[in-house]
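One-letter residues, chain by chain:
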Number of protein chains: 2
Amino acid sequence: MTVPWRCCAGQEGIAVILRGNLIWTSPSGGLEVRRRAYLAADGEKVAGVWDALPPEYAGQPVEDWGEAVIIPAFCDLHIHAPQFPNRGVGYGLQLLDWLEGYTFPMEARFGDAGFAEKVWKAFLNRLWAGGTLRFSAFATVHSQATWRLMELAEASGLRGLVGKVNMDRNSPDSLREDTGRSLADTEELVCRAREELKHTGFILTPRFVPSTTERLMDGLGLLGEKYDLPVQSHLAENPSEVAWVRQLHPDVPGYAQVYERHGLLRRGRTIMAHCIYLLPEERALLKEREVTLAHCPASNADLASGIMPLRQYLAEGQRCCVASDVAGGHTAAMNRNAAAAAALSRLRWLDRREESPLTLAEALWLITGGPGSFLGRVGAFEPGYAFDALVIRPVPGDDLTDLSPEERLEQFLYDGDDRSIAARYCAGAPVEKPFSE
Amino acid sequence: MTVPWRCCAGQEGIAVILRGNLIWTSPSGGLEVRRRAYLAADGEKVAGVWDALPPEYAGQPVEDWGEAVIIPAFCDLHIHAPQFPNRGVGYGLQLLDWLEGYTFPMEARFGDAGFAEKVWKAFLNRLWAGGTLRFSAFATVHSQATWRLMELAEASGLRGLVGKVNMDRNSPDSLREDTGRSLADTEELVCRAREELKHTGFILTPRFVPSTTERLMDGLGLLGEKYDLPVQSHLAENPSEVAWVRQLHPDVPGYAQVYERHGLLRRGRTIMAHCIYLLPEERALLKEREVTLAHCPASNADLASGIMPLRQYLAEGQRCCVASDVAGGHTAAMNRNAAAAAALSRLRWLDRREESPLTLAEALWLITGGPGSFLGRVGAFEPGYAFDALVIRPVPGDDLTDLSPEERLEQFLYDGDDRSIAARYCAGAPVEKPFSE
């Protein structure tokens, strides 16, 4: 394998040009494989993909990664930053008991700025390590901690949306907010982020219907309108949760309609995690509102929540992605979450032969271009898309046989880890490990 | 964390004594947790566990691992060594097509001694890295390659059973054996292993019923009897496979009975992988024969085979373990295979509420004492058991909060990897990485 040029990459006036086995899923759904091809940046965006470098790039340094596989970097649209230390813990419980037993006590600690600092850095380091260079994260109810996560995200080289969590009912005393204060804190963060940050955005983050009063949801809906904000929350993850929402809102036909009634299904700007137990009317509403449904396969198996009918959703034209949902999900590694989604799709197929399992192209799309389309033109090597890329190389002991680039990709999704990622690029520039440990 | 003593461990006349948070599943099923306790070896075996070191150990060096968690090392009773390079590849196919498309072409390459050498070393290195210090592996049909795997296993410090695969029907030309030759080669390896190897044993390895003639199975059954050999094979993994066996043996009431008829269900000495689709009479027979049922959760999801009714088997007193089945399974990491077994048990529970999900104690047992009981007194920190241990420490960025030892263990099972394993001991001695890369 050729030693790559790194000296000039990302420097002012010099475009990044990568060479290797390029693989991505095109927005039309096919797996694109271009062996030993060139991928060039035009500022933050993809200029093009070529088998031979066009004359205008003559003399420019090329980072030649040999037979390595180069794919779009991963996006994770549903992850709880404060729950990062709880990965893999407490999976004997189901959602509501698990929130009480693990999640809320952990999140209550983020009033401590020193603890938050430590966790946020480890969190961003881990996203970087696993190749997740764009994300949408829940922080906690704490304004100060949320702002600090936004600052650190800005400094990291990653591109993120971060939300202060809102919760003012059915919550432990340590986390339950005053409604007016919750709204005021939120608005302040929205404004501050707009003024001070360039690459990190604010996303409205009501925890979920059971922990937000109608008055709070109304206020958040108005903020969404006022500042044209994206929204993220949870929807229909667990049967007990769905029953609880029905009990809290007997006058509303479904869980999704509660968000809708309060202006929180903002068209094309909303992420709803889980979406396992939806009524037909909810599905129609989500589609109409162009909501992105974040399938969290590891979490759904970890907390015995169920299996999302992903194939049905894809067939009916819903916008879908795969997300980690750390710490309901046990790993932030999006390759493993894509593999988990494929595994669950096969298990679902065992009982429902009309729902075909995910293909490799789809599994890749669901962690690149799928979530990327929520963020803009992100997640594919198409001209005008963000230049986000990961270089995947076999580690020692794994380069035993001549696998095709597609097979190398599949192997990385199933059994690779951060050690196989030799380089990471976000928005046209290489990204190094954000924080020392 | 105290810097551990390593200088004297494993040296002649000096017993290994470890101190840390000891966790294991007792043979009676409970999770044993002994904080900051001592574990001492008596030669290859566990001498005992104490909260304070008994006087007879006064002055002996103690490896103090501080707050690290120390657990029994892992055992993997179903893994295909030659398929190691194929991990994570080809999971768009189901069993029989996948065997034709991926497995057989790969195994045919093991007539090449150089290729075999490279793969075997990488395979053993990976087992070591993941903390799998005892195993039972399929090699290939090739005598020379099988023997070389046995020699390398012997040199590695791991303890393994290795079988030359037997297959003389329904196999590609490149792998199909002459029946007499297959038996003669097998017997030669049995004898050679007994003469030349101390810690590596031979295990009879008919691939599965569809690829072994009755004459071959009869011959292997006789060899089993003659040399009192263990046996490993596959059983009822996939509905098409089960239907094929029924078609091949219309006179035999079930798949398991075919093995039985040819003397291949040797009492207490047999491992049968998968066992998803069993008839009640087969279950009774397997129990009576004290067969170890190797549940391969990752493989069963990867190849869309199904979910083994593990809870039912445990309730009816079957001997069970969790195994990786690389490369039907995508990872040799037994922590992840235990987590996968727990996940599948929860998914099964969703539709069958009478089948309770695996507990943490059970998940640990199924990769330690469960498979260990097939190998002898292995897989628990009980006096007289083999002194096999792994020291689990959080990696940088993971030591963010005070998790209990049980929670640290759970986190390691779900999201840990070889980097969290600080030391490995097998049969009373530390084991270092077997081969350079």
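Rules used throughout
- Along each chain, the written sequence defines residue order, and numbers are assigned to residues from 1.
- Labels follow written order: the first chain is A, the first ligand is 1, and so on.
- Under the rules for a predicted model, residues below a pLDDT of 70 receive no local features and side-chain atom pairs below 80 are neither given nor counted, while totals for whole chains, interfaces and linings still include all residues.
- To obtain the side-chain values, all non-hydrogen atoms of the structure were used and water was disregarded.
- Residues count as neighbours in contact if any of their non-hydrogen atoms are within 4.5 Å of one another.
- Salt bridges are identified by distance alone: a Lys or Arg side-chain nitrogen within 4 Å of an Asp or Glu carboxyl oxygen.
- As used in this structure description, the phrase polar contact means that two N or O atoms lie within 3.5 Å; if the pair is within protein, one of them must be able to donate a hydrogen and the other to accept it, and residues adjacent in sequence are counted only when both atoms belong to side chains.
- Numbering goes from the N terminus for both helices and strands, where a helix is a DSSP run of H or I of at least four residues and a strand is a run of E of at least two.
- Three categories are distinguished: nonpolar for Ala, Val, Leu, Ile, Met, Phe, Trp, Tyr, Cys and Pro, charged for Asp, Glu, Lys and Arg, and polar for the others, with Gly belonging to the last.
- For every residue, the predictor reports its confidence as pLDDT, a number between 0 and 100.
- When accessible area is computed with a 1.4 Å probe and restricted to protein chains, residues below 20% of their type maximum are described as buried, those above 50% as exposed, and intermediate ones as partly exposed.
- A strand pair is defined by DSSP finding two or more bridges across the two strands.
- A right-handed crossover is one whose linking path, passing over the helix from the first strand to the second, runs clockwise when the strands point away from the viewer.
- Computed over the protein atoms alone on a 1 Å grid, cavities are sets of points where a 1.4 Å probe fits but cannot get out and pockets are open sets with protein on both sides within 12 Å along at least five of seven lines; a residue lines them when it has an atom within 4 Å of a point.
- Grid points are joined across faces, edges and corners, and a volume is the space filled by probe spheres set on the points.
- Least-squares superposition aligns the copies on the C-alpha atoms of those residues with pLDDT at or above 70 in both.
- Pairing of aromatic side chains here covers Phe, Tyr and the six-membered ring of Trp, requires ring centres within 6.5 Å, and sorts the geometry by plane angle: under 30 degrees stacked, over 60 edge-to-face, intermediate tilted.
- Note that the domain bounds reflect an automated or database-derived domain assignment.
- Summed over both partners, the accessible surface that disappears when two parts come together, traced with a 1.4 Å probe, is what is meant by buried area.

### A closer look at the interface of chain A and chain B
Taken together, the contact between chain A and chain B spans 51 residues of the former and 50 residues of the latter. Linking chain A with chain B are 16 salt bridges. Close ionic contact of Arg126 of chain B with Asp398 of chain A constitutes a salt bridge, the shortest N to O distance being 3.2 Å. Across the chain A-chain B interface, the total number found is 29 residue pairs in polar contact (both at pLDDT 80 or more). When contributions to the side of chain A that touches chain B are tallied by element, the ones reaching two or more residues are α1 (95-108), α2 (113-130), α9 (297-302), α11 (334-351) and α14 (405-415) of chain A. Ranked by residues supplied to the side of chain A that touches chain B, first place goes to α11 of chain A with eight residues. The residue inventory of the side of chain A that touches chain B, partitioned by class, reads 23 nonpolar, 12 polar and 16 charged.

### Some points on the confidence of the model for chain A
Residue and element names in this part refer to chain A. Summing up the model confidence of chain A, the mean pLDDT is 96 and the portion of residues at 70 or higher is 97%. In this model, residues 1-10 is a region of pLDDT below 50 whose contacts with residues beyond four sequence positions or in other chains number 24 contacts. Model confidence for the complex: the whole-complex pTM is 0.96, and ipTM, which rates the interface, is 0.96.

### Some words on the pairing of strand β13 (residues 292-295) of chain B
Residue and element names in this part refer to chain B. Of the two faces of β13, the one carrying Thr292 and Ala294 and the one carrying Leu293 and His295 are both buried. Looking at chain direction, strand β12 (residues 270-274) and β13 are connected through three bridges and run parallel. Within the sheet, the bridge partner assigned to Ile271 lies in β13 and is Thr292. After leaving β12, the chain enters helix α8 (residues 280-288) and then returns to the sheet as β13, a path that is right-handed. Direction of pairing for β13 relative to strand β14 (residues 319-322): parallel, over a ladder of four bridges. The partner of Ala294 across the bridge, within β14, is Cys321.

### Some thoughts on empty space enclosed by the protein
The full count for this structure, using the stated rule, is eight cavities of 30 Å³ or more. By volume, the largest cavity is sized at about 440 Å³. Lining the largest cavity we find 28 residues, and of these His330 and Ala340 of chain A together with His330, Ala340 and Ala343 of chain B sit closest to its centre. Breaking the lining of the largest cavity down by element, the ones donating at least two residues are α9 and α11 of chain A together with α9 (297-302), α11 (334-351) and α14 (405-415) of chain B. When the residues that make up the lining of the largest cavity are grouped by side-chain class, the tally is 19 nonpolar, five polar and four charged.

### Some remarks on unusual backbone geometry
In the segment running from Val326 of chain A into Ala327 of chain A, the intervening peptide bond is cis, with an omega of 10 degrees. In this structure, Glu290 of chain A takes a positive phi of about 55 degrees despite not being glycine. Of note, Asn170 of chain B is a non-glycine position whose phi angle comes to about 50 degrees, a positive value. Tracing the sequence through the fold places Asn170 of chain B in the loop between β8 (165-166) and α4 (179-196).

### Some words on the relation of the copies chain A and chain B
Least-squares fitting of chain A to chain B yields an RMSD of 0.0 Å, with the transformation described by 0.0 Å of translation along the axis and a rotation of 180 degrees. Accordingly, the operation relating the two chain copies is best matched by a two-fold axis. In this assembly, 98% of the residues forming the interface of chain A have copies in chain B that are likewise at the interface, indicating an isologous arrangement.

### Structural notes on the packing of aromatic side chains
What describes a pair of aromatic rings is the distance from one ring centre to the other and the angle between the planes of the rings. All names here are of chain A. Tallied over the full model, the rule gives 22 aromatic pairs over all chains. Measuring from centroid to centroid gives 6.2 Å for Phe387 and Tyr425, while their planes differ by 85 degrees, and the two rings are edge-to-face. Note that Phe387 is positioned in the loop between α13 (369-375) and β15 (389-392) and Tyr425 in strand β16 (residues 421-426), a separation of 38 residues in sequence. In terms of burial, Phe387 and Tyr425 fall into one category: buried. In this structure an aromatic cluster arises from ring pairing among Phe84, Phe123 and Phe135.

### Some remarks on the domain arrangement of chain A
Residue and element names in this part refer to chain A. By domain assignment, chain A separates into domain 1 (3-72 + 381-430) and domain 2 (74-375). Relative placement of domain 1 and domain 2: their C-alpha centres are 30 Å apart. Taken together, the 29 residues of domain 1 in the interface contact 21 residues of domain 2. Buried area between domain 1 and domain 2, both sides added, is near 1900 Å², and the carbon and sulfur share of it is 67%. Three residues stand out in domain 1 for area buried against domain 2, namely Leu413, Tyr414 and Arg424, and they jointly supply 31% of the buried area on that side.

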